[in-house]
Amino acid sequence: MRFSFMSMDLLKCITCVRIKLPSLIWVFGPLTMINLYLLAGQTSRQNYGYDDDKYNNFMSTNNVTSMSHHKQYDVPVSSWQPMEQGIITKSDEQLHSSQNHNALAVLGVDNIITQNVYALNHTEYKFFMYDDPNITLGPSVWPEGAKLNRKAWRMCANEIFFDEALFVILKRSPLRTLDPEEAQLFIAPIPNGRIFGSMIRHILWGLSFNTLFNHEVFRKHQGHKHLLIATGYPLFKNFVGSLAVYYEKLENVTLVQSWDPNGIKKAIDYGYDFHEYQEYFTKFQPITRSSISVGLGTRPDSSVIPLPEFKFTHHEHIPLVPASIEKWKNASNFVFYHTRTTPSFFNSTIYRHVAVTNISISNLPKSSIGWDMSSNEQWLKEYVDSKFCLVIRGDSPHSAAFIRSIRVGCIPVIVADCLPIFAPVLKSTLHMSDYTIMLDERKFVKNPEAQLLSLLDMDEEEINNKIKHLAFAQKVMMLDHPESLFVPALLHEAVETFKNV
């Protein structure tokens, strides 16, 4: 059973994306640029047995065809959904009305993506980025010989590198203006991750935040229309004492994080159940009035975005492999998943381990599934050489496996029911179910083998849809993509967020 995208009544209520476009795109653009998450029906899936004929039939498609309509996989996120920064409640019948399946059929996936790329490439939003060295904490200000907090770096190394790379591409972006009067938004490039990884974080935060608060531009806007980047998961929570003294003056700032604390708060207020995470999430009050999720970052290619040398050895480098139907077909692994034997918090161990302990690998098409690999080179080789990559919840609903799978052009198969609410990456531009497959947590724990075998039920059209959207997601999410759309997507996300504060 497949559900349609949205009701026509709902479409009529949605405001157009405020990016200047040719008239045709102005009409059609809102159909895909809106931030709407499909509700899931808890649709049962047939338990498929595996045989060679079925798998050969699954792999027998040879041509890439233009899509004529837009299919969605089930997203098990209860009976409500976030839209933009607000909450809409609609019945399944209203949302999944079959009459709306034709609304997007007029365009086709190729046209939808082309229009979105055009819209982002032709945005006229401009941002002002502070360049005071006491805010940016560049080499001239950063204390020579300052010791690293290695525990913090081990927790957030990927996010620290991601944030630093983001500052580099923002600094050289043609959308940056040096005149604050020309800007629609303002970016304070305080290196929160790098500060968090220092043993003198309280001194460095004091210098950067006090300089920002006293800047005439910040005082004029009182933090409104300002972005503060901090994708490290431990940052800007109630218990980070070194930061708490600045929270009051940051109330109007929009935080750019790996997750969406404001969206989580609204979800809880509207009765959404985060299951094992519920008690933990209810303890947090958002620090600011608005937030943006860009997901957990990864270290970009240093030959594309050169970064300063850090006194921390960081081995992970995931190559950017463009998603394509050819790459997907040539991948020798059906599914990739490797995990550590160590336990996870919030009862996530059962979800992470069941894929290893309760699956007979011989019953699947050739796959790479098991415990952690001792060889990083072999791990990466198997990862890149896979069609589907499992992304399973852990200490938080989001996982580094999500961005890794996207980066290597592998279709993410997500076992984390609340991920589209917890970390809806650049949700005004990307729709998570377009480029991923969502599997219900409870069904997966009950029979992970059957759930993975159900992927064989996907037809050529669905695979092509997923891969095309995955290629678009790579452009939007990857800072070092040769056609990166991250900066305009971030600006668009920010402007849409400001409207709802």
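Residues numbered from 1 in each chain as written. Predicted model: local features only at pLDDT ≥ 70, side-chain atom pairs only at ≥ 80, totals over all residues. Heavy atoms only, no water.

Some words on empty space enclosed by the protein
On inspection of all chains with the given rule, the structure shows 8 cavities of 30 Å³ or more. If you add up the space inside the largest cavity, you get close to 100 Å³. If you trace the largest cavity, you find 12 residues lining it, with Trp259, Pro261, Phe284, Gln285 and Pro286 closest to the centre. In terms of residues, the lining of the largest cavity owes the most to one element, helix H14 (residues 261–269), which gives 3 residues. For the lining of the largest cavity, the class distribution of residues is 8 nonpolar, 2 polar and 2 charged. (1 Å grid on protein atoms, 1.4 Å probe; cavity = no way out; pocket = protein on both sides within 12 Å on 5 of 7 lines; lining within 4 Å. Points joined across faces, edges and corners; volume = space filled by probe spheres on them. Helix = DSSP H or I, 4+ residues; strand = E, 2+ residues; numbered from the N terminus. Nonpolar A, V, L, I, M, F, W, Y, C, P; charged D, E, K, R; others polar.)

Considering the layout of surface pockets
Roughly 770 Å³ of internal volume is contained in the second largest pocket. Contributing to the lining of the second largest pocket are 28 residues, with Leu137, Gly138, Pro139, Arg194 and Pro308 lying nearest its centre. Secondary structure elements with two or more residues in the lining of the second largest pocket: helix H8 (133–136) and helix H9 (150–171). Along the lines of polarity and charge, the residues of the lining of the second largest pocket split into 16 nonpolar, 4 polar and 8 charged.

Describing the environment of Phe127
Structurally, Phe127 is set in strand E3 (residues 127–129). Under the relative-accessibility criterion, Phe127 is labelled buried at 0%. Measuring from C-alpha to C-alpha, the distance between Phe127 and Leu178 comes to 8.4 Å, with 51 residues separating the pair along the chain. (Buried < 20%, exposed > 50% of the residue type's maximum accessible area, 1.4 Å probe, protein only.)

Quick look at H14
Of the positions making up H14, those classed as buried are Pro261, Asn262, Gly263, Ile264, Ala267 and Ile268. Its buried side turned inward, H14 meets strand E6 (254–257), helix H15 (278–282), strand E7 (290–293) and helix H20 (419–422). At the exit of H14 stands Gly271, carrying a positive phi of roughly 90°. (Contact = heavy atoms within 4.5 Å.)

Comments concerning helix H7 (residues 109–121)
In a regular helix each residue adds 1.5 Å, so 13 residues correspond to 18 Å; H7 covers 18 Å between its end C-alpha atoms and thus fits that length. Every buried residue of H7 is listed here: Val109, Ile112, Ile113, Gln115, Asn116, Val117, Ala119 and Leu120. (Expected span 1.5 Å × (residues − 1).)

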